[in-house]
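Topology and contacts: notes
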Amino acid sequence: MPRFEDTVAVITGAGSGIGEQTALQLAREGGKVVLVGRTVSKLEKVAERINEGLTEPAADIFRTDVTIEKEVHKLADFVQSTYGDLHVVVNNAGTSGKSTIMEMEETEWDRIQNTNLKSVYLVSQSLGRVMMKASEKEGQEGDRAIVNVASLSGHKAGAKIPHYSSSKAAVINFSKSLALEFAPYGIRVNTVSPGFAETPLTEEGLRNKRFEEAIQKNTALGRIGKPEEIAAVITFAASKEASYMTGSDLLVDGGWLIK
Ligand code: NAI
């Protein structure tokens, strides 16, 4: 039986990179996926790829800015009324920027913290209610999962990305509290911390050959990761294969931290 048969999954930031690959993998393995993001055209393209050739579409899209509570509530209402159940949430939407602490503008600090951290709180709370409602009868027997995408940067200091690295460290810690609070409802919560993967987020940096070489040199496996390699670990954490794992962080960094 496909791992995600009879499973409804919401993926934020599903229009590109790791989120897109995660949606494709969940759908390929039988899941119904709700693709969430701000740019409808990007989400539509991913939905087309998923739904192509299927008699019953497996992908829905829902435009949401995950930093805005009202919009997140509308997303939860949509999932509740359309599916009446929710098994998997992947909080993947995120963004980055470059600044030292001394040069940092308050607006830039807020942009990163809101996108990377506040969104995880808002989405987990609002969609968590939908999951809890659905799991009322099952209690701890149920198996629902939230996977929050953190980062290797959440495990170490980040030169010129202190706002980014601190937001990701907070996502890892917040997810542990969430795991504790949601465990009685049969909802597991884990984080996946990617190292350096080739996506639109890292595209600009990777145009610089010296930067690319430095990344390769710092990685034990000697290469940059592919978004599908990160997505494979996210789908594992979301699957029943990980049924005894909660409050954990899975580092997928090609061996950066051990070097
Ligand atoms: P990406 O830029 O392709 O994906 C991020 C997605 O989030 C984009 O589609 C973007 O439009 C969406 N998004 C941003 N703000 C949003 C908002 N307010 N509401 C809704 N959607 C929003 O980049 P990538 O690399 O796929 O990033 C996915 C996650 O992986 C992020 O959380 C990122 O921090 C994390 N990550 C990525 C690494 C990499 O090397 N690519 C390394 C470590 C972590």
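Here the structure is a predicted model, which is why all the values come from computation and not from measurement.

Each value, and the rule that gives it
Residues numbered from 1 in each chain as written. Predicted model: local features only at pLDDT ≥ 70, side-chain atom pairs only at ≥ 80, totals over all residues. Heavy atoms only, no water. Helix = DSSP H or I, 4+ residues; strand = E, 2+ residues; numbered from the N terminus. Rg over C-alpha atoms; globule rule 2.2 N^0.38 Å. Buried < 20%, exposed > 50% of the residue type's maximum accessible area, 1.4 Å probe, protein only. Contact = heavy atoms within 4.5 Å. Areas by Shrake-Rupley, 256 points an atom, 1.4 Å probe, with all protein chains shown as cover. Lys, Arg positive; Asp, Glu negative; His and termini not counted. Charge placed at Lys NZ, Arg CZ, Asp CG, Glu CD. Near = heavy atom within 4 Å. Polar contact = N/O pair within 3.5 Å; in protein donor to acceptor, adjacent residues only side chain to side chain. Nonpolar A, V, L, I, M, F, W, Y, C, P; charged D, E, K, R; others polar. Pairing = 2+ DSSP bridges. Right-handed = clockwise from strand over helix to strand, strands pointing away. 1 Å grid on protein atoms, 1.4 Å probe; cavity = no way out; pocket = protein on both sides within 12 Å on 5 of 7 lines; lining within 4 Å. Points joined across faces, edges and corners; volume = space filled by probe spheres on them. Core = buried A, V, L, I, M, F, W, Y, C linked by side-chain atoms within 4.5 Å. Axes fitted to C-alpha atoms, helices over the stretch in contact; angles between N-to-C directions.

1. Some thoughts on the overall build of the chain
- When helices and strands are tallied, the chain shows eight helices and seven strands.
- Computed over C-alpha atoms, the radius of gyration of the chain comes to 18 Å, within 12% of the 18 Å expected from 2.2 N^0.38 for 259 residues, which places it in the range of a compact globule.
- Each principal axis of the C-alpha distribution contributes one length, and for the chain these read about 50 × 40 × 35 Å.
- Counting over 259 residues, the chain shows a buried share of 51%.
- Once local pairs closer than 6 in sequence are excluded, the contacts in the chain between residues at least 24 apart make up 73%.
- On the chain, roughly 13,100 Å² of surface is accessible, and the fraction owed to carbon and sulfur atoms is 51%.
- Put simply, the chain has 30 plus and 34 minus side-chain charges, and the middle of one group is 4 Å from the middle of the other.

2. What to know about the site of the ligand
- Of all residues adjacent to the ligand, which total 28 residues, the nearest are Ser16, Asn92, Tyr164, Ala197 and Thr199.
- One nitrogen or oxygen atom from the side chain of Lys42 is found 3.3 Å from an oxygen atom belonging to the ligand.
- Take Asp65: an N or O atom from its side chain is 2.9 Å from a nitrogen atom of the ligand.
- In isolation the ligand exposes 820 Å². Once the protein is present, 94% of that is buried.
- Sorting the residues of the shell around the ligand by element identifies α1 (17–28), α5 (162–182) and α6 (200–206) as the ones contributing at least two each.
- Per-element tally for the shell around the ligand: the top contributor is α6, with three residues.
- Here the residues of the shell around the ligand sort into 11 nonpolar, 13 polar and four charged.

3. Considering the pairing of strand β4 (residues 88–91)
- Burial along β4 is two-sided: Val88 and Val90 and Val89 and Asn91, pointing in opposite directions, are all buried.
- As judged from the three bridges shared by strand β1 (residues 8–12) and β4, these two strands associate in the parallel manner. Opposite Ala9, over in β4, you have Val88 as the bridge partner.
- Pairing analysis gives four bridges linking β4 to strand β5 (residues 144–149), with the strands arranged parallel. The residue of β5 that forms the bridge with Val90 is Val147.
- With respect to chirality, the unit in which β4 leads through helix α4 (residues 106–134) into the neighbouring parallel β5 is right-handed.

4. Description of empty space enclosed by the protein
- All chains considered together, the criterion is met by one cavity of 30 Å³ or more.
- Its volume calculated, the largest cavity comes out at about 50 Å³.
- Residues that form the lining of the largest cavity fall into these classes: three nonpolar, two polar and four charged.

5. A look at the nonpolar core
- In terms of nonpolar packing, the biggest core is built from 31 residues, with Ile11, Val33, Leu35, Ile50, Val192, Ile230 and Ile234 touching the most fellow members.
- The element that contributes the greatest number of residues to this core is α1, accounting for five residues.
- Beyond its immediate chain neighbours, meaning those up to four positions away, Leu35 contacts Ile11, Ala14, Ala23, Leu43, Val46, Ala47, Ile50, Ala59, Asp60, Ile61 and Phe62.
- Residues Val36, Phe62, Val79 and Leu122 belong to the second largest nonpolar core, which totals 25 residues.

6. Brief notes about the side chain of Asn190
- Along the chain, the position of Asn190 falls in strand β6 (residues 187–194).
- Asn190 sits in the buried class, given a relative accessible area of 1%.
- Among the polar contacts listed, one links the side chain of Asn190 to the backbone nitrogen of Ser248, at a separation of 2.9 Å.
- The residues contacting Asn190, other than those within four sequence positions of it, are Ile146, Val147, Asn148, Met245, Thr246, Gly247 and Ser248.

7. Concerning the sheet that holds strand β7 (residues 249–252)
- The strand order across the open sheet formed by seven strands is β3-β2-β1-β4-β5-β6-β7, and the pairing between neighbours is parallel. Every interior strand has two partners, whereas the edge strands, β3 (59–63) and β7, have only one. Within this sheet the neighbouring strands show an average axis-to-axis angle of 20°, counted without direction.
- Sheet topology places β6 next to β7; four bridges connect them, and they run parallel. Counted as the bridge partner of Val192 is Leu250 from β7.
- Against the sheet, helix α3 (residues 69–83) touches β1, β2 (32–37) and β3, its axis set at about 155° to β3.

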